[in-house]
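# Examination of the molecular architecture
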Amino acid sequence: MMAVANLDPTRIPRHVACVMDGNGRWARQRGLPRTEGHAAGEEALFDTVEGALELGVDWMTMFAFSTENWRRPPDEVRYLMHFNEGILTRHRDDLNSKGVRIRFAGRRDWRVPRRLIRHMDESVALTAANRRLTLTICFNYGGRAEIVDAVRRLVADGVSPDKIDEKALRSRLYWPDMPDPDVVIRTSGEFRISNFLLWELPYSELVFTDVLWPDFRRENLFDAVGEYQRRDRRYGGLEG
Ligand code: IPE
Ligand code: IPE
Ligand code: MG
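Attention here is on the structure that accompanies the text.

In this section: the site of ligand 1. Around ligand 1, the neighbouring residues are M20, D21, G22, N23, G24, R25, R34, H38, A64, N69, R72 and L80. Within the backbone of G22, one N or O atom sits 3.4 Å away from an oxygen atom of ligand 1. Taking R25, its side chain carries an N or O atom lying 2.7 Å from an oxygen atom of ligand 1. Taking 380 Å² as the accessible area of ligand 1 by itself, protein coverage stands at 86%.

Spelled out as structure tokens, the structure:
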């Protein structure tokens, strides 16, 4: 596995995004309920954040719950709501002391429990002044929903059709100041995007790994960054 020392320090991605997938399969392999897989994903998440701090990544965006994940059994959904609340109370002070700014991206509809929203707001307020790393947690997030919400804002702002361009739309995304991800990692051997960051990832380097999310650790992040560093980004032009 890759160590930080083997990476090119001049080509550390500024923004790494991650689809944390495979919790259910990890649990099933062990004869455990799916929820145990989610619980085991907590260590993976915070070890990966530590790895990002070590690397000097500025932005980390983690897919925690999609607009489609409501289709799961009510017990699992309820577990995930409670679990995410627990994650915030268990880790926000530590993240704050390390200079991490916590943010959320997604819809705050009636299905998201009030208490969870309160914990989200508290975590955001606590860490708002931090700049070392911005950790955006995508919760009740969908890439299409984000674009639809941006279009609603364009209309609400009365923007005339000839004034609608990429800049106008981008400025109405959930976090207009967030740079596009340089690399998107998806775990668990699935080769799809599953409605993650659709607007933001046209030129992201995609890295797929068979590792199930609860087994993911900072060394796997370093591997992914190593793979990213071997890629040649062209943005539709010619190689440099
Ligand atoms: C990812 O793991 C976590 C969420 C989507 C909330 P899964 O729960 O999707 O795990 P698999 O894909 O069923 O193994
Ligand atoms: C994507 O994983 C969403 C999150 C990781 C939160 P899913 O497990 O929901 O995606 P699909 O259903 O396999 O495409
Ligand atoms: Mg999954």
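This part covers the site of ligand 2. Taken together, V19, M20, D21, F63, A64, F65, N69, R72, R186, R192 and S194 make up the full set of residues near ligand 2. Here an oxygen atom of ligand 2 sits 3.3 Å away from a polar atom, N or O, in the side chain of R186. For ligand 2, an oxygen atom lies 2.6 Å from a polar atom in the side chain of S194. For ligand 2, whose accessible area on its own is 390 Å², the fraction buried by protein is 78%. Counting residues per element, the shell around ligand 2 draws most heavily on strand 2 (residues 59-66), which supplies three residues. Grouping the amino acids of the shell around ligand 2 by side-chain chemistry returns five nonpolar, two polar and four charged.

A positive phi angle, near 50°, is found at N140, a position not held by glycine. Position of N140 among the secondary structure elements: in strand 4 (residues 133-141). The class of N140 is buried, set by a relative accessible area of 1%. Phi angles above zero are rare outside glycine, and Y235 is one such case at about 50°. Checked against the element boundaries, Y235 lands in the segment after helix 7 (218-230). Overall, the relative accessible area of 49% leaves Y235 in the partly exposed class.

The rules behind each value
Residue numbers run consecutively from 1 along every chain, following the written order of its sequence. Numbering of ligands from 1 and lettering of chains from A proceed in the order in which they are written. Only residues with pLDDT of at least 70 get local features here, since the model is predicted, and only at 80 or more are side-chain atom pairs given and counted; chain-wide, interface and lining totals rely on the full set of residues. Neither water nor hydrogens contribute to the side-chain values; these are computed over all heavy atoms in the structure. A single heavy atom is enough: if one lies within 4 Å of a molecule or strand, its residue is considered near that molecule or strand. Counting of polar contacts relies on pairs of N or O atoms within 3.5 Å, with two restrictions inside protein: one atom must be capable of donating a hydrogen and the other of accepting it, and residues adjacent in sequence are counted only when both atoms are side-chain atoms. Each accessible area is a Shrake-Rupley estimate made with a 1.4 Å probe; only the visible protein chains count as cover when residues are assessed. In this description a helix means any DSSP run of H or I spanning at least four residues, a strand means any run of E spanning at least two, and both kinds are numbered starting from the N terminus. As a working rule, the residues Ala, Val, Leu, Ile, Met, Phe, Trp, Tyr, Cys and Pro are called nonpolar, Asp, Glu, Lys and Arg charged, and the rest polar, with Gly in that last group. Note on exposure labels: buried denotes an accessible area under 20% of the residue type's maximum, exposed denotes more than 50%, and partly exposed covers the range between, all computed with a 1.4 Å probe on protein chains only.

On their own, these measurements won't tell you what the molecule is for.
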